[in-house]
Each structure stands twice: as C-alpha cells, then as structure tokens.
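# Analysis of the macromolecular model
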Amino acid sequence: MMFEWWRGCVIYQVYPRSFQDSNGDGIGDLFGIYERLDYIARLGVDAIWISPFFKSPMKDFGYDISDYKDVDPVFGSLEDFKKLLEKAHSLGIKVLIDQVWSHTSDQHAWFKESRQDIQNNRKDWYVWAEAKADGTPPNNWLSYFGGPAWTWDARRQQYYLHHFLKEQPTLNLWHPEVRNAIKDIAAFWLDMGVDGFRLDVAHAYLYDQALRDNPARKKGEPYPSDLPSSNPMTRQVRLYSMNVPENLQWIEELRGFINASWPDRCLLGEAGGDDSEKEAVVYTQTGKRFNLAYSFGLVGSPMSKNDIVKTVSRVESLLEDGWVCWATNNHDFKRAVSRIPGETANIIKARFNAILGLSLRGNYCMFQGEELGLPQAELSFEDLQDPYDKSLYPEHVGRDGCRTPIPWQHDIFHAGFSTSIKSWLPVCSAHVTLAVDLQENDESSTLKFYQKFLAFRKTSLALRVGYFALLNTPDPIVSWIRFYDKEQFMFIFNVSTEETNYVFEEFVFNPIAEFCESVKIEGNTMTLSPYGFAILQKA
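Residues numbered from 1 in each chain as written. Predicted model: local features only at pLDDT ≥ 70, side-chain atom pairs only at ≥ 80, totals over all residues. Heavy atoms only, no water.

A count of helical and extended segments in the protein chain gives 15 helices and 20 strands. Here the C-alpha coordinates of the protein chain stretch approximately 80 × 50 × 50 Å along the principal axes. Taken over 539 residues, the protein chain has a buried fraction of 61%. Of the contacts made within the protein chain by residues no fewer than 6 positions apart, 69% connect residues no fewer than 24 positions apart. Of the roughly 20500 Å² of accessible surface on the protein chain, 49% is carried by carbon and sulfur atoms. Each charge class in the protein chain can be summarised by its mean position, and for the 55 positive and 72 negative side chains these summaries are 3 Å apart. (Helix = DSSP H or I, 4+ residues; strand = E, 2+ residues; numbered from the N terminus. Buried < 20%, exposed > 50% of the residue type's maximum accessible area, 1.4 Å probe, protein only. Contact = heavy atoms within 4.5 Å. Areas by Shrake-Rupley, 256 points an atom, 1.4 Å probe, with all protein chains shown as cover. Lys, Arg positive; Asp, Glu negative; His and termini not counted. Charge placed at Lys NZ, Arg CZ, Asp CG, Glu CD.)

Quick look at the structure:
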C-alpha cells in the first residue's frame, strides 16, 4: 500500500546559525548545511526543516523577516539555497523551510508603509487599534517576551499588536490582500522546488476582531506547555488573542491554495496556546488543513510518566483522521537529556528519549544535536544572545543553551564549527567529547544508535504508519504497542530514577536485543534500570 511521502517520516531540524560556518564569520550558513548534507543522509532521516534564513534585522534571529523572497547575506544567497535544495534532493532528502506568516519585521517594506499614516495602501495590513480613553493599550493581551502585546506608534497615534518583540508587528490576516501576499510568497518557494513549509506560530494567525480582554487564569489551573512558569502570559487564558475559531478557515484556505498547484507538498504547523495538544490535532483534521502539526506537550516537560501518558493519551483520544508530528527537542526549549531528572548517564537518557519519540504514532522531528545526545549548554548571562532568555533570566534560560554550535571534530578550534576567532554562541566544552567524528567511529555511541534505529524504522510499516495502543501499566512503567497487518512491536520504558520490575503474564513478544537498554529478563520478569527500555517483537 502506498502512503504519502510525509506520513510517518522523520524530520531533522537544522538551525542554520549553529550548524556549520563555511566562511569563517562565526555564524552558520546555507553553504555550511550544503557541506554537511552527506552527514544528514547517513543519519537516515527523510527530510530536513531549515529554520529561517531570509533577510532580517535579526532581532529574533531570523524570525523577524524583512524580505520573504531573499536570503540574508549572513546565510549566503539564493543560489546557495538552490544548490542546497538540489543536493538534498539528490540524496533523497525532502526540504521544508520555515515560514513566519503571523508577523514580519518592523523593517519590512509593508510595515514601513503601513505605519506612515491611516490612509496609505497598506494601512490595514497590520493590527492597529485606538488607545483607550486614558491612553493605555486597547486590551490586556500580553507578549510572549514579557509586557503588553501593544506598542504605541507616534506617527499613526495608534497601537500596533505584536505577540513577540515590538520589532515583530502582527500581520492582519483577516485582510484579503495580506492573504494573497502570503500565497504569493508560498508560490515563490514552491515553484523553486521546496517540499513544504514548517509554519511558525500558526496558532496566532488570527485574533478576535473585537479585541476582547483575555480572562485571568484560575488559581491552581496548570500552566500551558508552551510557556515557562516565569512568563506572565501564563496568568491569562489566551481565549481571544490566538487560536480563535476562524483560524481554521484560513488554514483550510491556505491548504486548498497549495493543493491546487502543488498537491504533493507538506504543511507542518506549530500549534501553541493554552491547549497545544488539542490544537495540533484539530489543525490536521478533515484532510483540508495542515498535513502535520506538533504540540509542546513533550518538548518542555521533564518526561515524567504523568507527562508522557497525559500528552500521548490526549492526542490519541482526539486524533480521529488527523496526523501529528512529535518532538521532544527544538530550538526553543532546554534539551531533553538535561530535562530528564536523575543521575543516570546522559547516553542512556538520550537513547530513552530517542526510542520514546520515534515509536509514537505520527511523524517525529529531531533537533540538530539530539542524535549526539547533547545536554543543555550552560551559558553565562554575558554569552546570551536571545532576547527571550535575557528577559526571563535567570529563571528561564532555555533557547540559547540549546542553540549552541554543533561539535563536528573534537580536536580542532570551535570543534570544527567555525574558523572565526569567536562564534556567535560559544561551543559548549561538554559537547566536545560528543563530537561527530568521535561518535561516527564508535559503534556504541548515541549517533550510531540513532542511525541503526532509524534504518530499522524505515523497514517497518508498523512504526512508520501503523496503529497505536497505550497499555495500562503499573508505575513507573510506560508501555505501548505499534502494529500494522501482522507486524507488532511492544515498547516498555522505565520512566524513573529507580530500578523496577515488570512482570508479564506470558511472553508472546521477543526482545530485540540491539534496541534494549539496561534490561534483564529472567522467566516472566523484566528488570529495567533507571530509564531502561525494551523493544519486543511479536513472535
């Protein structure tokens, strides 16, 4: 049976600034990615997602775009991207690129025109609103980066909305002309040959046109998974500022436009907000919305049994005809091996994380360095570049610490990332012993483990597109079955810092030894060390 190329594939996220610097300026670039594509191909993933490389003032490191159709010189040129795209395709790797369509840079030509007065041709291309009678912002909406989501503009004598930095004004996607402009951008890259888009903050495309205040979060109500507890936005229920019902209509319009001329392309949406698991599922249902979406349920959690079971069971209970993309790491959160508690060796935590994420139903998105088992880099305040980390320091330091450069070679300057005297973020000293050159020559390394399991996963319909059943198991065990046709696998995880036993009524599954970690089996009893796991195949 044939399935769409994107269904069940593994996506590798490349953060260009930190992947490979090819010209010695201390910042990774497109030609650096081009040079390392053979490494990505050897890893065994199906696609790459490249974070923004478009023209930008870099206030938010590329997520503030000033020209959607050109490459920022720090990353190279359009010709560099075309070469990258061609080589990736020759290696059998699909290419998704980040598209930030909820907002632009304040240096974008659209915003420069829009802010001039209230009568220009783009006067309504952004979200402008009058002040209250006392001069305060139109409502109580907050920015992800702290403080009000509104900034006063003296020229128009109005406030404009920004969900992030004040330099990232929100586009008015209620406006038909703005929607057409977005479609034109999509067509530009799709015609070039990209295989799809990762769509940034898709939950914030539309907003409540009445600009009603968000209600306060009730005392004791759990914080949403896309925010650290130190962020004041956690105190609001984001009922009107994002994830409004009409968001789905725009998503369906966008998917219809792309399907009409490029039916084989993939849309991967980022679904945040107060219930990101629900949104990730809803945004992919009916076959008319995104092909894939991912939530924040596992990327920011300590990977406890409660977190895993709660997130997975909620997605599974809502999924219907949707299809999700799982992730346990990305460029916005502390790396998984450092979130998982206890003194267990990082190599075991890394393998635990790998098998857990790659065995769930749906796609899986790996963040660069995950395959090396990199821990979170500990950075001083002076080393921080990210405005979000700086604004919430020291209670939240999660983005720069996961974005530090990839260690390619253990015995040379900057671990082979750059020849510059100083790289944009320092290479973490704890990462040097985990460099690619060491792991590629070590059959027991985390990298080799990923390569072997990814190769195995490609051969299995049960693991790529099969069904899923979460089992009811005693604490601290988490277990599920993946199956398709006659192929069945059982996954068993000890999600704790203590050794534990798991007793089978009968063994109808046989362990796959090369994918079991810290496990002993005697009779019908399986003993698992902390974060030990086993993969068993039905006899």
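Let us keep going from here.
For the structure shown, the criterion picks out three cavities of 30 Å³ or more. Taken as a whole, the largest cavity spans an internal volume of roughly 310 Å³. What lines the largest cavity is a set of 22 residues, and nearest its centre among them are Tyr-144, Phe-164, Glu-270, Asp-332 and Arg-399. Class assignment of the residues belonging to the lining of the largest cavity gives a composition of ten nonpolar, five polar and seven charged. (1 Å grid on protein atoms, 1.4 Å probe; cavity = no way out; pocket = protein on both sides within 12 Å on 5 of 7 lines; lining within 4 Å. Points joined across faces, edges and corners; volume = space filled by probe spheres on them. Nonpolar A, V, L, I, M, F, W, Y, C, P; charged D, E, K, R; others polar.)

The interhelical angle for the contact between helix α3 (residues 78–90) and helix α5 (residues 176–192), taken along N-to-C directions, is 50°, at an axis separation of 11 Å. As judged from the angle between their axes, α3 and α5 are oblique. Contacts from Leu-78, Phe-81, Lys-82 and Leu-85 in α3 reach Phe-188, Trp-189 and Met-192 in α5. Per-class residue counts for the contact of α3 with α5 are six nonpolar, no polar and one charged. (Axes fitted to C-alpha atoms, helices over the stretch in contact; angles between N-to-C directions. Parallel < 35°, antiparallel > 145°, perpendicular 65-115°, else oblique.)

Another point: the layout of surface pockets. Its boundaries defined by the atoms lining it, the largest pocket holds a volume of some 830 Å³. Lining the largest pocket we find 32 residues, and of these Tyr-223, Pro-224, Ser-225, Leu-227 and Phe-296 sit closest to its centre. If you list the elements that add at least two residues to the lining of the largest pocket, you get α7 (276–282) and α8 (305–318). Here the lining of the largest pocket takes five residues from α8, the largest share from any one element. Residues that form the lining of the largest pocket fall into these classes: nine nonpolar, eleven polar and twelve charged. Of the voids in this model, the second largest pocket is the one considered here, and its volume is about 270 Å³. Lining the second largest pocket are 14 residues, and of these Arg-238, Leu-239, Met-242, Asn-243 and Glu-279 lie nearest its centre. Of the residues assigned to the lining of the second largest pocket, the class counts are six nonpolar, one polar and seven charged.

Let us now look at the sheet that holds strand β7 (residues 150–153). The three strands are arranged β6-β8-β7 in an open sheet whose pairing can be described as antiparallel. The sheet is open, and its two borders are formed by β6 (128–129) and β7, each paired with just one other strand. Here β6 pairs with strand β8 (residues 158–161) via two bridges, running antiparallel. Looking across to β8, one finds that Ala-129 is bridged to Tyr-159. (Pairing = 2+ DSSP bridges.)

Another aspect to go through is unusual backbone geometry. Omega for the bond connecting Asp-475 with Pro-476 falls within 30 degrees of zero, at 0°, which places this linkage in the cis form. If you trace the backbone, Pro-476 turns up in the loop between β14 (467–470) and β15 (477–484). Although it is not a glycine, Ala-415 sits at a positive phi angle of roughly 50°. Turning to its location among the elements, Ala-415 is positioned in the loop between α11 (387–391) and α12 (429–432). When its relative accessible area of 3% is taken as the criterion, Ala-415 is described as buried.

The next point concerns the side chain of Asp-153. Tracing the sequence through the fold places Asp-153 in strand β7. Accessibility expressed as a relative area gives 2% for Asp-153, which makes it buried. Among the polar contacts listed, one links the side chain of Asp-153 to the backbone nitrogen of Arg-155, at a separation of 3.2 Å. Within the structure, Asp-153 has its side chain in polar contact with the backbone nitrogen of Arg-156 (distance 3.1 Å). Each residue touching Asp-153, except ones within four places of it in the same chain, is listed here: Arg-115, Trp-128, Gln-158 and Tyr-160. (Polar contact = N/O pair within 3.5 Å; in protein donor to acceptor, adjacent residues only side chain to side chain.)

Turning to the packing of aromatic side chains, a few remarks are in order. Under the counting rule described, the total for this entry stands at 46 aromatic pairs. Residues Trp-110 and Trp-125 carry aromatic rings whose centres are separated by 5.1 Å and whose planes lie at 70° to one another, so their mutual orientation is edge-to-face. One end of the pair, Trp-110, is in helix α4 (residues 109–114); the other, Trp-125, is in the loop between α4 and β6, with 15 residues separating them in the sequence. Comparing Trp-110 with Trp-125, the two get one shared label, buried. Three or more aromatic residues link up through ring pairs in this structure, and these residues are Phe-352, Phe-449, Phe-453, Phe-456, Phe-468, Trp-480, Phe-489, Phe-493, Phe-515, Tyr-531 and Phe-533. In this structure, Lys-94 packs its charged tip against the face of Trp-5, placed 5.2 Å from the ring centre. (Phe/Tyr/Trp six-rings, centres within 6.5 Å; stacked < 30°, edge-to-face > 60°. Lys NZ or Arg CZ within 6 Å of the ring centre and 35° of its normal.)

Here we take up the pairing of β15. Two faces make up the sheet, and in a regular strand the side chains alternate between them. In terms of burial, β15 is a largely internal element, seven of the eight residues being buried. Here four bridges tie β14 to β15, and the two strands are oriented antiparallel to one another. Residue pairing across strands places Phe-468 opposite Arg-482, the latter belonging to β15. Counted between consecutive antiparallel strands, the loop separating β14 from β15 contains six residues. For β15 and strand β16 (residues 487–494), the ladder comprises eight bridges, and the chain directions are antiparallel. When the bridges of β16 are listed, Trp-480 appears paired with Phe-491. What sits between the antiparallel neighbours β15 and β16 is a turn of two residues, in which Asp-485 has the positive phi angle 55°.

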